[in-house]
Amino acid sequence: MPTYAPPIDDFLFLLHEVLRVQTRDDIAGFTDLETDLTRPILEGAGDFLTGVWQPLNQVGDEEGCRLENGVVRTPRGFAEAYRAYCEAGWNRLGAAEVHGGAGLPGVISQAVYEMTSSANASLAHYPALTNGACSSLALTGAPWMLQHVVPRMVSGDWCGTMCLTESHCGTDLRLMSTRAVAQADGSYRITGTKIFISGGDHDLTENIIHLVLAKLPDENGRYSDDLATVNLFMVPKVKVDPETGALGVRNGVNVGGLEKKMGLKGSATCVLNFDDAVGYRLGTTKNDAAPGSKSAAMSGMFHMMNHARLGTGVGAIAAAEVAYQNSALYAQERRSGRAVSGADRGEAAADPIIVHPDVRRMLLQQRAFVEGARAAALWVAELLHEEQAGAEPAQRERAAGLGQLLTPVIKAYFSDRGFEAANAAVQIYGGHGYIRENGVEQFVRDARIFQLYEGANGIQALDLVARKLPMAGGRPVLAFLGEVERIADIAAGASTDLAGYAASLRRGGKAIEEAIAWLRRTGPERGETLGAASYDVLNLFGVVLLGALWLRMAVVAERQLAAGEGDPAFLRRKLVLARYWFEREMPTVETLLRRAQSGADGLMALAAEAF
Ligand SMILES: Cc1cc2nc3c(=O)[nH]c(=O)nc-3n(C[C@H](O)[C@H](O)[C@H](O)COP(=O)(O)OP(=O)(O)OC[C@H]3O[C@@H](n4cnc5c(N)ncnc54)[C@H](O)[C@@H]3O)c2cc1C
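Residues numbered from 1 in each chain as written. Predicted model: local features only at pLDDT ≥ 70, side-chain atom pairs only at ≥ 80, totals over all residues. Heavy atoms only, no water.

*Asks:* What is the right way to read the overall build of the protein chain from this model?
*Replies:* Helix and strand counts for the protein chain come out as 20 helices and 11 strands. What you see for the protein chain is a C-alpha radius of gyration of 24 Å, in line with the 25 Å of a compact globule of 611 residues. Projected onto its principal axes, the C-alpha coordinates of the protein chain cover approximately 80 × 60 × 55 Å. With 611 residues in all, the protein chain has 57% of them scored as buried. In the protein chain, of all internal contacts separated by at least 6 residues, the share reaching a separation of at least 24 is 72%. If you average the places of the 59 positive and of the 71 negative side-chain charges in the protein chain, the two averages end up 3 Å apart. (Helix = DSSP H or I, 4+ residues; strand = E, 2+ residues; numbered from the N terminus. Rg over C-alpha atoms; globule rule 2.2 N^0.38 Å. Buried < 20%, exposed > 50% of the residue type's maximum accessible area, 1.4 Å probe, protein only. Contact = heavy atoms within 4.5 Å. Lys, Arg positive; Asp, Glu negative; His and termini not counted. Charge placed at Lys NZ, Arg CZ, Asp CG, Glu CD.)

The structure is reproduced here in structure tokens:
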């Protein structure tokens, strides 16, 4: 059975030595984050998750969810483990105190989320989706929802979902057919069928709050394919009295089916039928002028989606971490062949496979991705908190722009690389990785979904090049390139190795500039140019983003080693992993740039019927 050891030392190193959150007096709430606060939280959550959630991971995969008389039953032990998690308060670390949360910055709740997903990715889904739906409701809900619904989602008594997808439309939401009809009392009646709804039904909580996209008719009562008619509605599984918050009778929401799927088998993926269900339109957000306006409706959805996209990237890190840990243990034990430079364990018939360079290539590829990506994801969590709690307006604007720019990169680059890392675990196990009882093939099946949902990765790439690069006059991308230069500058006084990494990082920044300049020049000539280049440009951002974070970590590691601070073995390992990134990953920026610049002609040359 696979094991999992929470990477507490890495979280603490990133929070306190690299990001130095405790020194950031320009971000409200950060100076409280001393190690005597963060360490017990991370260790406590880690102990709970390894003791209670992780042993249920394979159980969940083997049993899956069942649909019995219209009700979804989660695998054995899931309901108790979910309740124990909520009772211990791990689910409400990041929620606002006014709603019953602990009000801690997202850097802490994100670290805990990563551990939940490494321990049991299926079970982690239920509270993660609830948090996303709940924070969107907290922004866009009416006062009665903030009083009666949000606190019960924060406590974990009620779960939440997001209901966007229909059988004929996932990416293209204009095509949805779920409809909303206004009622005299201000509520709406929702009718339609949603598919693939995670946590659409289950036995963990007495109520489920569905956030549902549905269309409103125009003034002539007609429904069109205009995206502007799509609105977000809160539709409870069991009706809630807006006056008292008391639970009433079942709403018109029923499970039409439970999907049989490749992985995440303990996470219920449901077909949901909304049949004249009572719903409430969500509208006002602090960014919107007009409550209930078109932009207000969509901003609630985008808030939820962005939350989910970052969560997806972190879920991919989590899968890669646990896959890495098990393959590293296996590589120490499994014996085959001899070290080329002479027997490593002369007394045994063969050496452990970790002596072979090709096995090390895979282990380092996994670990350099995981630790670089974790650093980047925590930096983005810091930015998202800074967007809300930064001291200066310009600081908040910069943080918001960077967060938005990097969200598709975190979603897509991390989920591709996380899947690759999970897959490398099967390769390191050889044939034994393909066999179910060893448990690593589950990581591959579970991690595959991260590349697909919350907007498939190709759509993230389009979002990056078409929306995020030109956003706000290009200021966010300039801020990112400025950050790359700043990090390269801090390595200036460091060792020759790090000075070389700094030069390579600068080259990465220049490659991004060249790609953007090329897109600006050639994009207007041919419509498909952006789409043809988008995936390579996104990967370019991913490699450079992790390069920037690896250089930041390497500078700290080198300084601490010179000063005799910290754990020397931990710090030396960081330097070796940084070296891996700069020797083996940064050179790919040239290929990515060249491929991005090859244009659309070759991709579009064949007529559709020739495929
Ligand atoms: C296990 C699971 C859980 C899920 N959970 C939820 C949930 O909780 N809530 C929910 O609402 N949905 C959920 N989904 C749905 C998921 O978000 C969608 O499957 C996903 O967004 C892709 O939509 P689609 O499957 O319709 O693919 P399509 O939209 O048909 O896309 C197919 C392919 O075509 C590409 N493509 C499509 N349009 C374009 C375009 N315009 N330009 C370029 N490329 C394009 C895509 O990138 C993709 O590679 C879940 C799905 C699964 C499998």
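*Asks:* Please explain the confidence of the model for the protein chain as it appears in this structure.
*Replies:* Any segment with low pLDDT has predicted coordinates that should not be analysed in fine detail. Across the protein chain, the average pLDDT comes to 95, with 98% of residues at or above 70. This model gives residues 285–292 a pLDDT under 50, and the stretch forms 16 contacts once residues within four places in sequence are excluded. (pLDDT = per-residue confidence, 0-100.)

*Asks:* Which parts of the structure should I look at to understand the packing of aromatic side chains?
*Replies:* Remark: the centre distance and the inter-plane angle together describe each pair of aromatic rings, the angle taken between the planes. Applying the stated rule across the entire model yields 11 aromatic pairs. With a centroid separation of 4.1 Å and an interplanar angle of 10°, the aromatic rings of Tyr330 and Tyr429 are classed as stacked. Taken together, the residues span a long stretch of sequence, with Tyr330 in helix α9 (residues 294–333) and Tyr429 in helix α11 (residues 393–429) at a distance of 99 residues. As far as burial versus exposure is concerned, Tyr330 and Tyr429 are alike and both buried. Aromatic ring contacts, followed pair by pair, group Phe48, Trp53 and Tyr85 into a single cluster. When the ring centre of Phe11 is taken as reference, the NZ or CZ atom of Arg374 above it lies at 5.1 Å. The residue whose ring lies beneath Arg448 is Phe419, and the NZ or CZ to ring-centre distance is 5.6 Å. (Phe/Tyr/Trp six-rings, centres within 6.5 Å; stacked < 30°, edge-to-face > 60°. Lys NZ or Arg CZ within 6 Å of the ring centre and 35° of its normal.)

*Asks:* Is there a simple way to think about the environment of Gln332 in this case?
*Replies:* With respect to the secondary-structure elements, Gln332 resides in helix α9. Residue Gln332 is classed as partly exposed on the basis of its relative accessible area of 41%. Note: C-alpha distance between Gln332 and Leu49 (283 residues apart in sequence) is 25 Å. Excluding its chain neighbours within four sequence positions, the residues that come into contact with Gln332 are Arg345, Pro352 and Ile354.

*Asks:* Would you explain α11 in this entry?
*Replies:* Think of an α-helix as turning once every 3.6 residues; residues three or four places apart then point the same way. In this model α11 runs 51 Å from its N-terminal to its C-terminal C-alpha over 37 residues, within 8% of the 54 Å that 1.5 Å per residue would give. When the local axis directions of α11 are compared, the greatest deviation, roughly 35°, occurs at Leu406, which is followed within four positions by the proline Pro408. With 28 of its 37 residues buried, α11 lies for the most part within the structure. A positive phi of about 60° marks Gly430, the residue just after α11. (Expected span 1.5 Å × (residues − 1). Bend = angle between axes of the 7 residues up to and from the residue.)

*Asks:* Honestly, the side chain of Asn457 in this entry has me stumped. Any pointers?
*Replies:* By the element assignment, Asn457 lies in helix α14 (residues 457–468). Reaching out from Asn457, the side chain makes a polar contact with the side chain of Asp416 at a distance of 2.7 Å. Once you skip the residues sitting within four places of it in the chain, Asn457 turns out to touch Lys411, Ala412, Ser415, Asp416, Phe450, Gln451 and Tyr535. (Polar contact = N/O pair within 3.5 Å; in protein donor to acceptor, adjacent residues only side chain to side chain.)

*Asks:* Would you take a moment to explain the site of the ligand for this structure?
*Replies:* Neighbouring the ligand are 19 residues; Met162, Leu164, Thr165, Thr171 and Phe196 lie closest to it. One nitrogen or oxygen atom from the main chain of Met162 is found 2.8 Å from a nitrogen atom belonging to the ligand. A distance of 2.8 Å separates a nitrogen atom of the ligand from a polar atom in the backbone of Phe196. Those elements that place two or more of their residues in the shell around the ligand are β3 (158–163), β5 (188–198) and α14. At three residues, β5 tops the list of elements feeding residues into the shell around the ligand. (Near = heavy atom within 4 Å.)

*Asks:* Teacher, can you tell me more about the side chain of Asn120 here?
*Replies:* With respect to the secondary-structure elements, Asn120 resides in the loop between α5 (106–119) and α6 (121–140). On the basis of relative accessibility, which here comes to 0%, the residue Asn120 falls in the buried class. For Asn120, the residues in contact, after removing those within four places along its chain, are Trp53, Leu56, Asn57 and Phe78.

*Asks:* Sorry if this is basic, but what is going on with the pattern of salt bridges here?
*Replies:* Side chains that carry opposite charge are capable of pairing whenever their charged atoms lie near each other. Summed over the entire model, instances satisfying the criterion amount to 40 salt bridges. As a salt-bridge pair, Arg24 and Glu382 come within 3.3 Å of each other at their nearest N and O atoms. On the criterion of sequence distance, the pair formed by Arg24 in the loop between α1 (8–18) and α2 (35–53) and Glu382 in helix α10 (residues 357–389) is long-range, its members being 358 residues apart. In this pair, the class of Arg24 matches that of Glu382, namely buried. A network of salt bridges, in which partner residues are shared, links Asp10, Glu114, Glu321, Arg367, Glu371, Arg374 and Lys574. (Salt bridge = Lys/Arg side-chain N within 4 Å of Asp/Glu carboxyl O.)

*Asks:* So what exactly am I meant to see when it comes to the environment of His385 here?
*Replies:* Structurally, His385 is set in helix α10. Residues His385 and Gly106 lie 279 residues apart in sequence; the distance between their C-alpha atoms is 6.5 Å. Ignoring sequence-local partners within four residues, the contact set of His385 consists of Ile27, Ala28, Phe30, Pro105, Gly106 and Gly390.

*Asks:* Help me understand helix α13 (residues 440–448), please; the structure alone is not making it clear to me.
*Replies:* Within α13, eight of the nine residues are buried, which leaves it mostly tucked inside the rest of the structure. Turning to α13, its buried residues number three or more, namely Val440, Glu441, Gln442, Phe443, Val444, Arg445, Asp446 and Ala447.

*Asks:* Just to check I follow, could you spell out the pairing of β3 for this structure?
*Replies:* Along any regular strand the residues' side chains alternate between the sheet's two faces. Buried residues dominate β3, accounting for six of its six residues. The two faces of β3 match: Trp158, Gly160 and Met162 on one face and Cys159, Thr161 and Cys163 on the other face are all buried. Where β3 lies against strand β6 (residues 207–215), six bridges are found, and the strand directions are parallel. What sits directly across from Thr161, in β6, is His210. (Pairing = 2+ DSSP bridges.)

*Asks:* Quick question: what am I supposed to make of the pairing of strand β9 (residues 247–250) here?
*Replies:* Where strand β8 (residues 238–240) and β9 come together, two bridges link them in antiparallel fashion. Each residue of the ladder has a partner; that of Val238, found in β9, is Arg250. A loop of six residues connects β8 with β9, the two strands running antiparallel in sequence, and Gly245 in this loop sits at a positive phi of about 80°.

*Asks:* Whenever I open this one, the state of the cysteines confuses me. Can you help?
*Replies:* Disulfide: a covalent bond formed between the sulfur atoms of two cysteine residues. Summed over all chains, the structure comprises zero disulfides. Cysteine Cys86 shares no disulfide, and the gap to the nearest cysteine sulfur, in Cys159, comes to 7.1 Å. (Disulfide = S-S within 2.5 Å.)

*Asks:* Would you mind showing me how to read unusual backbone geometry here?
*Replies:* In terms of backbone geometry, most residues other than glycine have negative phi values and most peptide bonds are trans. Even without glycine at this site, Arg20 takes up a positive phi of about 50°. By the element assignment, Arg20 lies in the loop between α1 and α2. Take Arg20: its relative accessible area is 36%, and that puts it in the partly exposed class. The residue Ala472 is not glycine, and still its phi comes out positive at about 50°.

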